[in-house]
Amino acid sequence: MTADTLQADFIVAGATLIDGSGGPATVGDLAVRGGRIEAVGSFAHPAGAPVIDGRGLALAPGFIDSHTHDDGYLLAHPDMLPKVSQGITTVVTGNCGISLAPLARTQIPQPLDLLGPPSLFRFGTFRSWMDALRDTPAAVNVIPLVGHTTLRVAVMDDTSRAANDSERAAMRELMQEALDAGAFGVSTGTFYPPASAAPTDEIVDVCQPLRGRAGIYATHLRDEADHIVPAIEEALHIGREIDCRVVFSHHKLAGERNHGRTRETLDLISRAAASQPVCLDCHPYPATSTMLRLDRARLASRTMITWSKGYPEATGRDFSEVMAELGLDDEGAVARLAPAGAIYFLMDPADVNRIFAHPLTMVGSDGLPFDPHPHPRQWGTFTNVLRTMVREQNLLSLESAIHKMTGLAAHQYGVAGRGLLREGYHADLVLFDPATVTDVATFSAPIQASRGIHAVWVNGRQVWDGERTGAERPGQVLSPGQA
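These numbers come from a predicted model, not from an experiment.

Caption draft 1: Structural view of the overall build of the protein. The helix and strand inventory of the protein stands at 16 helices and 22 strands. In terms of overall size, the protein behaves like a compact globule, its C-alpha atoms giving a radius of gyration of 22 Å where 483 residues would be expected to give roughly 23 Å. Dimensions along the principal axes, computed over C-alpha positions, put the protein at roughly 70 × 50 × 45 Å. Taking all contacts inside the protein whose residues are at least 6 apart in sequence as the whole, residues at least 24 apart take part in 75%. Of the roughly 16,800 Å² that the protein leaves accessible, carbon and sulfur atoms contribute 49%. Here the protein contributes 40 positively and 55 negatively charged side chains, and the mean placements of these two sets differ by 1 Å.

The following block contains the structure:
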């Protein structure tokens with residue numbers, strides 16, 4: 001292609017191109033036209049095309065956040081500042097069994113309330129939520145999953161039991177509607193009360209509409225502590241029964257007595273991958289976050305309260321300190337604070353590193369965007385990986401880390417035309433300084449934008465300039481396709 005024939009809306013010149021495949025970086029240029037990558041490598045620049053100096057910087061595909069709870073945040077805060085400021089251009093929603101739709105009601109049980117205020121739960125069908133995203137787009141693209149827990153809450157008067165035949169049929173209808181509307185698959189969260197009574201056969205029964213679609217079965221396992229192996233085996237069985245790729249969400253081993261068991265679980269997952277499609281996601285922190293639960297508080301070495309309706313003064317403080325202040329034991333304090341959310345320091349950093357080093361591991365933030373004092377993963381997951389695991393620990397090469405954030409995730413979720421720097425691919429791009437890129441969010445001060453991300457484009461339009469978001473809202477609701 002010559003300067004006479006090439007047309008471009010803009011060109012990034014002289015950057016270190018990390019193409020998302022995991023292959024070695026090269027230095028070159030990249031041209032964008034009409035929201036797509038027009039040319040990559042060495043080419044003559046057409047006269048008049050704006051040129052961005054990429055020398056000393058890395059240009060990569062936009063990051064794909066493989067695990068989010070941004071279903072409602074996309075509508076309430078469409079600039080998606082916590083995400084675009086760390087280079088994220090696509091989010092996977094509806095994880096852990098909880099999706100915003102299909103559910104239209106004002107009384108929202110935990111953990112669905114982690115998705116935001118009751119006013120957001122106004123979509124009786126999955127399509128109506130997706131239509132709202134299309135009518136008022138956000139700054140990032142969306143890969144939607146439908147939540148099994150949400151289906152249970154929508155059709156059952158009592159979620160503390162298994163669903164009966166008519167309830168299963170009603171959930172199957174809602175599942176079919178969601179898939180016809182464009183859901184990539186389903187997620188489950190049998191760890192949580194509204195779904196913990198669901199037996200394996202209920203999940204298989206409700207998910208029958210997925211058969212033949214090569215869809216996604218993402219799961220927050222029934223147990224991530226002492227009984228994780230049977231929980232993994234249950235998920236693999238369900239994946240085989242409904243012919244879906246199994247995504248092990250935020251893989252972890254919770255509690256000190258389980259530290260080191262990632263050797264066992266990763267070996268199990270690797271062996272399963274030889275005969276069925278599986279993958280996993282993880283974030284780089286030794287702490288997790290969800291609703292305040294007594295079992296988790298007792299497992300954790302430290303628990304921090306992220307919000308509390310029962311005792312708002314607890315927000316941002318250690319649970320042990322609040323217990324002492326209230327003069328209550330842990331059981332009494334949980335009851336006093338409820339409903340509430342918490343951060344639990346449960347994992348061994350060596351396990352986290354071992355998970356990240358696994359070739360099937362994608363990067364997922366699992367952030368809870370409406371928490372008043374959120375886990376820092378909402379604002380810093382991807383830049384934390386680039387700082388700690390690439391630059392400081394040399395656990396991953398830069399090319400390998402970018403692959404986990406881009407090409408690997410696009411492949412596992414079946415997203416066509418994204419995740420790589422290839423001619424004709426959608427121009428989701430992040431320009432960053434690999435020598436200085438860093439997270440700023442901490443457990444004590446979690447709401448802080450990352451540094452070192454110089455520019456982010458979604459579908460060829462800039463959504464982050466290194467300091468602030470703009471007015472552009474070019475995000476698309478993606479459709480399942482062949483990678």
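Let us keep going from here.
Caption draft 2: Inspection of the packing of helix α14 (residues 377–392) against helix α15 (residues 398–405) at higher detail. Taken N-terminus to C-terminus, the directions of α14 and α15 make an angle of 155 degrees; their axes are 10 Å apart at the nearest point. It follows that α14 is roughly antiparallel to α15 by the angle criterion. Seen along the crossing, α14 lies across α15 with a hand that is right-handed. Contact residues: α14 offers F382, V385, L386 and V390, while α15 offers L398, A401, I402 and M405.

Caption draft 3: The arrangement of helix α13 (residues 349–357) in detail. Those residues of α13 lying buried are D351, V352, I355 and F356. Seen along its axis, α13 keeps its buried residues to an arc of 135 degrees; they face one direction. Those residues of α13 hidden inside the fold are in contact with α9 (262–273), β15 (278–282), β19 (361–363), α14 and α15.

Caption draft 4: Layout of the nonpolar core. F63, W129, F248, L386 and F432 are the most contacted members of the largest nonpolar core, which has 113 residues in total. It is helix α8 (residues 228–242) that contributes the most residues to this core, 8 residues altogether. With near-sequence residues (within four places) excluded, F432 lies in contact with I18, L57, A58, A60, F63, L386, L398, I402, V437, G452, I453 and H454.

Caption draft 5: A look at the side chain of S99. Structurally, S99 can be placed in the loop between β7 (88–93) and β8 (103–104). Polar contacts involving the side chain of S99 include one to the main-chain amide nitrogen of G147, which spans 2.8 Å. Discounting residues that sit within four places of it in the chain, S99 has contacts with D71, G94, L115, F121, F126, L145, V146, G147 and T150.

Caption draft 6: Inspection of α9 at higher detail. Taking 1.5 Å as the rise per residue, α9 with 12 residues should run 16 Å; its terminal C-alpha atoms sit 16 Å apart, in good agreement. Looking at the buried positions of α9, the neighbouring elements they touch are α8, β14 (245–248), β15 and α13.

Caption draft 7: Quick look at the sheet that holds strand β17 (residues 302–308). In space, the 3 strands of this open sheet follow the order β16-β18-β17, with antiparallel pairing throughout. In this open sheet, the two strands that pair with only one neighbour each are β16 (287–291) and β17. In this sheet, neighbouring strand axes are inclined to one another by 20 degrees on average, regardless of whether the strands run parallel or antiparallel. Sheet topology places β17 next to strand β18 (residues 340–345); 6 bridges connect them, and they run antiparallel. Looking across to β18, one finds that S308 is bridged to A340.

What counts and how
Residues numbered from 1 in each chain as written. Predicted model: local features only at pLDDT ≥ 70, side-chain atom pairs only at ≥ 80, totals over all residues. Heavy atoms only, no water. Helix = DSSP H or I, 4+ residues; strand = E, 2+ residues; numbered from the N terminus. Rg over C-alpha atoms; globule rule 2.2 N^0.38 Å. Contact = heavy atoms within 4.5 Å. Areas by Shrake-Rupley, 256 points an atom, 1.4 Å probe, with all protein chains shown as cover. Lys, Arg positive; Asp, Glu negative; His and termini not counted. Charge placed at Lys NZ, Arg CZ, Asp CG, Glu CD. Axes fitted to C-alpha atoms, helices over the stretch in contact; angles between N-to-C directions. Parallel < 35°, antiparallel > 145°, perpendicular 65-115°, else oblique. Left-handed = near helix turned anticlockwise from the far one by under 90°. Buried < 20%, exposed > 50% of the residue type's maximum accessible area, 1.4 Å probe, protein only. Arc of directions from axis to C-beta. Core = buried A, V, L, I, M, F, W, Y, C linked by side-chain atoms within 4.5 Å. Polar contact = N/O pair within 3.5 Å; in protein donor to acceptor, adjacent residues only side chain to side chain. Expected span 1.5 Å × (residues − 1). Pairing = 2+ DSSP bridges.

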